Amino acid sequence: MQIHVKVNGVEYKHDVEPRLLLVHYLRDVLRLTGTHIGCETSICGACTVHVNGKAAKSCTLFAVQADNCEITTIEGLAQNGELHPLQTSFKEMHGLQCGFCTPGVIMTAADYLKQNPHPTEEEIRTALEGNFCRCTGYQNIVKSVQLAAEKMSESKPVTKEKKEEVVV
Amino acid sequence: MSTTNGLIGKSVKRVEDNRFITGKGNYTDDIILPGQTYAAFVRTPYAHAKIGSIDTAAALAMPGVVAIYTGADVAAINGVPCGWQVNFKNGDTMKEPKHPLLAVGKVRYTGEAVAIVIAGTREQACDAAEAVQVEYEELPVVVNAAEAVKPGAPQVHDEAPNNMCYDWELGNPKAEVDQAMATAAHVTMLEFVNQRMIPNAIEPRSYNASYDAANGRYTLYTSTQNPHLIRLLMSAFVLGIPEHKVRVVGPDVGGGFGSKIFHYTEEALLTWASHKINRPVKWTADRRESFLTDAHGRDHITKAEMGFDKEGKAVALRVKTFANLGAYLSTFSTCVPTYLHGTLLQGLYTTPKINVDVTAVFTNTTPVDAYRGAGRPEATYLLERLMDLAAHEMGIDPAALRFKNFIPPFDGVNQPGYQTQVALQYDSGNYEGVLKKGLEMLGYEDFRKRQKEAAQNGKLLGVGFSTYIEACGIAPSAVVGALGARAGLYEVGQVRVQPTGKVSVFTGTHSHGQGHETTFAQVVADKLGIAFEDVEVIHGDSDSVAFGMGTCGSRSIAVGGSAIMKSVEKIIEKGKKIAAHKLEANAEDLEFAGGRFTVKGTNKSVSFADVALTAYVPHVYPKDLEPGLDFSSFYDPANFTYPFGCHIAVVEVDKETGTLALRRFIAVDDVGNVINPMIVEGQIHGGVVQGVGQALFEGAEYDENGQLTNGTYMDYCMPRADNLPMIETAGQVTPCPHNPLGVKGAGEAGTIGSTPAVVNAVIDALWSGGHIVKDLRMPITSEKVWRAMQTA
Ligand code: FES
Ligand code: FES
């Protein structure tokens, strides 16, 4: 079947087997190997990408289901050569060890922070319960997301009241 | 530990992160080679069966299929070897049945491979594997180690009567221990199961093998913790192919936790097949295969007794363990319940008489081998459960009982190491120190008050202690050789100074999350007084690194780091000679500090980079010196290293529902000197959560037919972000006296210490509510707690 997708801003047209999984399409056809496979059963979260801006587990989507969709993978998260605040925060807070779960965790968190820019520790933990990490014990992952949330709210245009506060 | 530019001891951010956070890591499954084929396995659904006919005709005719091989095709090839020989008590050699690349005649555990199917795509290989018809005749099954040795139990291997691989004992003679036990005023006895764990690295095992006919060379990309070991075992012991014509690469590896140490049958089989079909063959386990075929961990059934005098001083420890090795011997399986378990049963205590007796057993289950901690968590669990339980039974505070029994502090320099009753000599320790610190962090006195108050509010609070020791820095070759290891466990470290003064470091250890590219670069940059960015660490490729034993047993910094240090010292020594020539001075009058060679007492000096350039452009050069600045060293440690610490868990139990929650976890770890505190703390976090996982969430379940009933992520409960508290960590530093960096290793500490602390806390909570429970089977769920409250 023909699919037409936009991945990390680039448009592709490919003829794919109907049973080809989206994750295999990304990894084997487009050679975007930053998206990993840890369980192929929608549980570990290693394969998380954004489909039309929402986090989705690409191991349980067929490539054909992504027809006419916009997909972002870890390789496309940086904008204009600038790393996403989550990427820099994971490095600063040692939120990764082997790095295998990391792309999926970051993609999940990136979507979550759009919905909830000021999460509590507990909210972050709940948001990440669909991403397994065997290395970090999650502690520094949580701290990385907290730091990214801080950075992202700082970089938002300052609100009017805030501005006045700053002036005062 | 002197530092020349402050890099040692600093939480330098990891260089490897740059590729991982951008999706540019390079894991084995990311690699596609020209002409790539894909393998799928036909695996037995039965745990024990005779194999009848295997019909591959239909499968071979399917689209894309390149080849199918069965046990008959590889029957003449050796099996994968076991790396550690343990003898029976009577001196006989352990039973070592062949561990074949594909099952021949019989299958012995669910998931064992019967045939390999190779095709042009992954999907074609999987389709064809399903079309292979195998006839099985089911045989009776045994899964439990204590049952397997009973008369009449199903036999896993004909050559291992009663399913025994070996029996083994260590420590004081049994009669002496019995006698000491008889004098005890109190004996605490615990029968427990240290359940089987499934390692679950998030990257599944993956291999990609190829053969280059033009040069007669094999290349194997493998998700391994020790590429050189795989190369040695596979070429010399399994396939009989020339080692110098084999390249083994462990690229980025997504976690190991022990499970990627071992030489797996699939590695050898793919390598063999790639030559047969003259095309690269790749296989990556799916998660179900990982559950069934990654070597599992733990699985001990133990009875342990500890006797105490009236004052609460331990007088004797007696241990009987049945260790389940699964259906075949995995690479290091045999040393785990013996030399990594029995030898740790002194713990931190002065117990004068100890006897440990281990029977290692074959069953119709997945092979069992080292899993993070390997034997040491089992030993710690045994001792620390006994200590807390004894305290409860004797009405002594569990912290006080430990203070009474601790080995007094010794630094291994001014005071000698501590000789245990179980063959080891501890290097240095201050055991009281870590418990004191832990108690302070907990606010212990206050805690007991809160515990009483909680009981009035419908909650039971419990605190559990674990003061652990481990033997790391594996291993002094002569010692382990005498104990049956079939390999030396030294390490190789090469430091190559480039003409511009930039430095490449080659290590035989392998990083799969530990951050060696950062830690080792810190050490070298610090010692050479150069910028961190000017050092690159290379590991994992047998073509670039001379040799190595890889990463296991928290050995990388203690053994690998020491090998690198030896080479750094050689660089500095040669550098002094070159500098002396340049400065027209005597080499003995030179000192090296802050990246400069200086004539003592003068301001005549030359930079490290200058010396490096001179070494490679030797126009003005000492006559008796070779050009170049590149040294390789082998380091064989003098002893193990012995990190230790104190872990404290606080749990809360709802009196009505039994709902169990881990509220606090305190980890005070003494891992000797620390190179990068951020990385060490990260190792502790991850280790603790794996240990908590064993206590509360995880455990393989086999039914009586040998089916792994929870072999999926729907059924096997992995620790998740939302069921853990923030871990409170602290350190203490007692340097290792026998290696140049004074380091002990931190990879396994968290896992070793944490499990008993959590279980002890649950037991303490139950006792505080008047429920006198000695043991709950791990993983301890809320349901188990609730049931215990109904009956006790
Ligand atoms: S690989 Fe998709 S959730 Fe695990
Ligand atoms: S960093 Fe290894 S699994 Fe998360």
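Position numbers for residues count from 1 along each chain, tracking the sequence in the order it is written. Whichever chain is written first becomes A and whichever ligand is written first becomes 1, with later ones labelled in order. Local features are withheld for residues below a pLDDT of 70 in this predicted model, meaning they are given only at 70 or higher, and side-chain atom pairs are given and counted only at 80 or more; totals for whole chains, interfaces and linings count all residues. Each side-chain value is worked out from all heavy atoms of the structure, with water and hydrogens disregarded.

Visitor: How should I be thinking about the overall build of chain A in this particular structure?
Guide: Only DSSP runs of H or I with at least four residues qualify as helices, and only runs of E with at least two residues qualify as strands; both kinds are numbered from the N terminus onward. Summing up its helical and strand segments, chain A has 6 helices and 5 strands in all. Helices (α) and strands (β) of chain A occur, in sequence order from the N terminus, as β-β-α-β-β-β-α-α-α-α-α. Its C-alpha atoms give chain A a radius of gyration of 17 Å, near enough to 15 Å, the size a compact globule of 168 residues would have. Projected onto its principal axes, the C-alpha coordinates of chain A cover approximately 65 × 35 × 25 Å. Only protein chains enter the accessibility calculation, which uses a 1.4 Å probe. A residue is then buried if its area is under 20% of the maximum for its type, exposed if over 50%, and partly exposed in between. When the 168 residues of chain A are sorted by exposure, 55% land in the buried category. The accessible surface values rely on the Shrake-Rupley method and a 1.4 Å probe; as for residues, cover is taken only from the protein chains in view. Accessible surface, chain A: about 7400 Å² in total, of which carbon and sulfur atoms supply 53%. This count recognises Lys and Arg as positive and Asp and Glu as negative, with His and chain-terminal groups excluded. For this purpose, a charge sits on NZ of Lys, CZ of Arg, CG of Asp or CD of Glu. Of the side-chain charges in chain A, 17 are positive and 20 negative, and the distance between the mean point of each set is 2 Å. For this measure, only C-alpha atoms enter the radius of gyration; the expected value for a globule follows 2.2 Å times N^0.38, where N is the number of residues.

Visitor: Explanation requested: the layout of surface pockets in the structure shown.
Guide: Regions of empty space are outlined by a rolling probe, equal in size to a water molecule, passed over the atoms. Residue and element names in this part refer to chain B. The computed volume of the largest pocket comes to approximately 1000 Å³. Grid points spaced at 1 Å and placed over the protein atoms alone form the basis of the search, with a cavity being a set where a 1.4 Å probe fits but cannot get out and a pocket an open set showing protein on both sides within 12 Å along at least five of seven lines. Lining residues have an atom within 4 Å of a point. Contributing to the lining of the largest pocket are 44 residues, with Arg122, Cys126, Thr284, Asp286 and Glu289 lying nearest its centre. Residue type decides the class: Asp, Glu, Lys and Arg count as charged, Ala, Val, Leu, Ile, Met, Phe, Trp, Tyr, Cys and Pro as nonpolar, and the leftover types, Gly among them, as polar. For the lining of the largest pocket, the class distribution of residues is 21 nonpolar, 8 polar and 15 charged. Grid points are joined across faces, edges and corners, and a volume is the space filled by probe spheres set on the points. Within this model, the second largest pocket holds a volume of roughly 430 Å³. Where the lining of the second largest pocket is concerned, the elements lending two or more residues are β8 (186–197) and β13 (297–308). When its residues are assigned to classes, the lining of the second largest pocket shows 8 nonpolar, 4 polar and 5 charged.

Visitor: Quick question: what am I supposed to make of the sheet that holds strand β23 (residues 596–599) of chain B here?
Guide: As a general point, the strands of a sheet are linked pairwise by backbone hydrogen bonds and lie either parallel or antiparallel. Residue and element names in this part refer to chain B. Within the open sheet, the 3 strands sit side by side as β22-β23-β24. Their pairing is antiparallel. Strands at the two margins of the open sheet, each flanked by one partner only, are β22 (590–593) and β24 (605–607). Between one strand axis and the next, the sheet turns by 20 degrees as a mean value, whatever way the strands run. Two strands are counted as paired when DSSP detects at least two bridges linking them. When β23 meets β24, the two strands line up antiparallel, connected through 3 bridges. Each residue of the ladder has a partner; that of phenylalanine 597, found in β24, is valine 606. Sheet strands in contact with helix α16 (residues 556–583) are β22, β23 and β24, and its direction is about 120 degrees off that of β22. For helices, the fitted line uses only the C-alpha atoms of the stretch in contact; every axis is such a line through C-alpha atoms, and the angle between N-to-C directions lies from 0 to 180 degrees. Contacts are assigned to residue pairs with any non-hydrogen atoms lying within 4.5 Å of each other.

Visitor: When you look at the interface of chain A and chain B in this model, what are you seeing that I'm missing?
Guide: Often, the extent of an interface is quoted as the loss of accessible area on bringing the components together. On the side of chain B, 53 residues touch chain A, which itself brings 48 residues to the contact. Two parts placed together each lose some accessible area; with a 1.4 Å probe, that loss summed over both constitutes the buried area. For the chain A and chain B pair, buried surface summed over both sides reaches about 4400 Å², with 56% attributable to carbon and sulfur atoms. Summed over the three residues of chain A that lose the most area to chain B, namely A:Lys91, A:Phe132 and A:Arg134, the buried surface amounts to 20% of that side. Take a side-chain nitrogen of Lys or Arg and a carboxyl oxygen of Asp or Glu: if they are within 4 Å of each other, that pair is a salt bridge. Between B:Asp29 and A:Arg27 there is a salt bridge, and its shortest N-O distance comes to 2.8 Å. For this analysis, a polar contact is any N or O atom pair within 3.5 Å, provided that within protein one partner can donate a hydrogen and the other can accept it, and provided that sequence-adjacent residues contribute only side-chain to side-chain pairs. Joining chain A to chain B, the criterion identifies 28 residue pairs in polar contact (both at pLDDT 80 or more). Residues of the side of chain A that touches chain B, tallied by class, amount to 20 nonpolar, 15 polar and 13 charged.

Visitor: Please clarify how the packing of helix α18 (residues 677–696) of chain B against helix α19 (residues 749–768) of chain B should be interpreted in this entry.
Guide: Each packed pair of helices is defined by two parameters, the angle between the axes and the distance between the axes. All names here are of chain B. Axis separation between α18 and α19 bottoms out at 7 Å; the angle between their running directions is 40 degrees. The orientation of α18 with respect to α19, classified from their angle, is oblique. The chirality of how α18 crosses α19 is right-handed. Mapping the contact onto sequence places Ile684, Gly687, Val688, Gln690, Gly691, Val692, Gln694, Ala695 and Leu696 in α18 and Ala749, Gly750, Thr751, Ser754, Thr755, Val758 and Val759 in α19. Looking at the contact of α18 with α19 residue by residue, the class counts come to 8 nonpolar, 8 polar and no charged. Reported orientations rely on four angle classes, namely roughly parallel under 35 degrees, roughly antiparallel over 145, roughly perpendicular from 65 to 115, and oblique for the rest. Helix crossings get a hand from a simple test, with the near helix turned counterclockwise from the far one by less than a right angle marking a left-handed crossing and a clockwise turn marking a right-handed one.

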